[in-house]
Amino acid sequence: MNEAAPLAWGRHYLAVEPTAFRIDYVINPFMDPMVQPDAARALRQWHTMVDTLRGLGARVDVIEQRDDAPDMVYAMNLGLGVVRPDGTRHAVMSHMRYAQRRMETATAQPWLVRHGWTTSYVGRDSIGAHFEAGDAFAFGDSLVVGYGPRTEELALKHLALDLGVRVRGLRITHPSMYHLDLAFCPLDERRALVCPEALDGPSGEALLALVPEPLVLTAEEAIGTLCANSVVVGSTIVMPACPDRVRTQLEAWGFDIVLVDVSEFHKAGGSIRCLTNPVVAGSTTSPPGTAGRSRPRVRTTG
Ligand code: ARG
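Residues numbered from 1 in each chain as written. Predicted model: local features only at pLDDT ≥ 70, side-chain atom pairs only at ≥ 80, totals over all residues. Heavy atoms only, no water.

Regarding its fold elements, the protein chain presents 8 helices and 16 strands. The C-alpha atoms of the protein chain give 17 Å as radius of gyration, which agrees with the globular expectation for 302 residues (19 Å, within 12%). Burial analysis of the protein chain (302 residues in total) assigns 58% to the buried set. Looking at the protein chain as shown, the accessible area adds up to about 11500 Å², and 52% of this sits on carbon and sulfur atoms. With 29 positive and 34 negative side-chain charges, the protein chain shows a spacing of 6 Å between the two charge centroids. (Helix = DSSP H or I, 4+ residues; strand = E, 2+ residues; numbered from the N terminus. Rg over C-alpha atoms; globule rule 2.2 N^0.38 Å. Buried < 20%, exposed > 50% of the residue type's maximum accessible area, 1.4 Å probe, protein only. Areas by Shrake-Rupley, 256 points an atom, 1.4 Å probe, with all protein chains shown as cover. Lys, Arg positive; Asp, Glu negative; His and termini not counted. Charge placed at Lys NZ, Arg CZ, Asp CG, Glu CD.)

Listed below in structure tokens is the structure:
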């Protein structure tokens, strides 16, 4: 019997076709310019991933990659999509920590506007705080945001005010889990993959307290397989890999697991969730952007 509750992710993603994917610089512990991805294999893996998502009923819109932006394939980091109460779409664009990636949003932002979105940066006009959308998830009554390696703590306040949502900040301390999406994967309203070792002690406890039924990953599982960097379509979890122990629990919960090999993309430190950006930052109860329902508030742990 399938017990998995309806999906938190939506069925509409953005992705960037890897036509210029390579490793030119080092901004995370996975990257090594001496270990380059195989371009043809990366393209095949990416197409298999997109075909798999489409086969599960998802829509995937494709943005072209800039030649000068090798990490732009990690579409999740372009911005955070939200839907306003009137149904219009808005994207909070990322303001990348590293200059090597900042040009990506200069291409993504006009693309989004051409496709009917409004856009902003955290803090509106005073672009200052770094925010990378791979750190943000709608979960429960909040936008859960990791900060530290990429997103700055100040950005949490901006997000709460700009979107009118409650933001829960979690301090990331593990250098290899530099975005929250390498350590956290909400599955439905109650369940999530969680690697508390990515966070400092109080933040790890805060995240575990937020998730009624966490499936706790060891750092070894999370970093070695990037299994938390997965996406959910309906009751199917599309994953790069899944340790047996994790699979047993996910299947007992009623999820189906589809594995897609995106190993070429692990060389630059990202997997399936990084390569896709849900157009609606999926929320199980109140999507961020339903401004006014709850008072903006930031609770930072760590
Ligand atoms: N090389 C990219 C970076 O370090 C990888 C991004 C991974 N994306 C993610 N959502 N975790 O920025």
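From this point, the discussion proceeds with the structure in view.
Turning our eyes to something else, we now look at the sheet that holds strand β16 (residues 297–301). Backbone hydrogen bonds hold the strands of a sheet together, and the pairing may be parallel or antiparallel. Spatial strand order, β6-β7-β8-β16: 4 strands in an open sheet with mixed pairing. Two strands bound the open sheet, and with one partner strand each, they are β6 (136–139) and β16. In this sheet, adjacent strand axes meet at a mean angle of 25° when their direction is disregarded. Alignment of strand β7 (residues 142–147) against strand β8 (residues 166–171), held across 6 bridges, turns out to be parallel. Considered in β8, the bridge of Y147 is made with R171. Of the strands in this sheet, β6, β7, β8 and β16 touch helix α4 (residues 201–210), which is tilted by about 135° from β8. (Pairing = 2+ DSSP bridges. Axes fitted to C-alpha atoms, helices over the stretch in contact; angles between N-to-C directions. Contact = heavy atoms within 4.5 Å.)

Attention now moves to the nonpolar core. Membership of the largest hydrophobic core comes to 65 residues, with the highest contact counts inside it found for M49, F184, L187, L193, L217, L250 and F265. Here this core takes 5 residues from helix α1 (residues 39–55), the largest share from any one element. (Core = buried A, V, L, I, M, F, W, Y, C linked by side-chain atoms within 4.5 Å.)

Attention now goes to the packing of aromatic side chains. Within the structure shown, the criterion is met by 5 aromatic pairs. Ring centres 4.8 Å apart and planes at 20° place the aromatic pair F21 and F265 in the stacked group. With F21 in the loop between β1 (12–16) and α1 and F265 in helix α7 (residues 263–266), this residue pair connects regions lying 244 residues apart in the sequence. The burial state of F21 is the same as that of F265; both residues are buried. (Phe/Tyr/Trp six-rings, centres within 6.5 Å; stacked < 30°, edge-to-face > 60°.)

With respect to the element layout, H158 can be found in helix α3 (residues 153–163). A relative accessible area of 19% means that H158 is categorised as buried. A sequence separation of 140 residues divides H158 from V298, and the C-alpha atoms of the two residues are 9.4 Å apart. Filtering out sequence-adjacent residues up to four positions away, H158 remains in contact with V122, G123 and A129.

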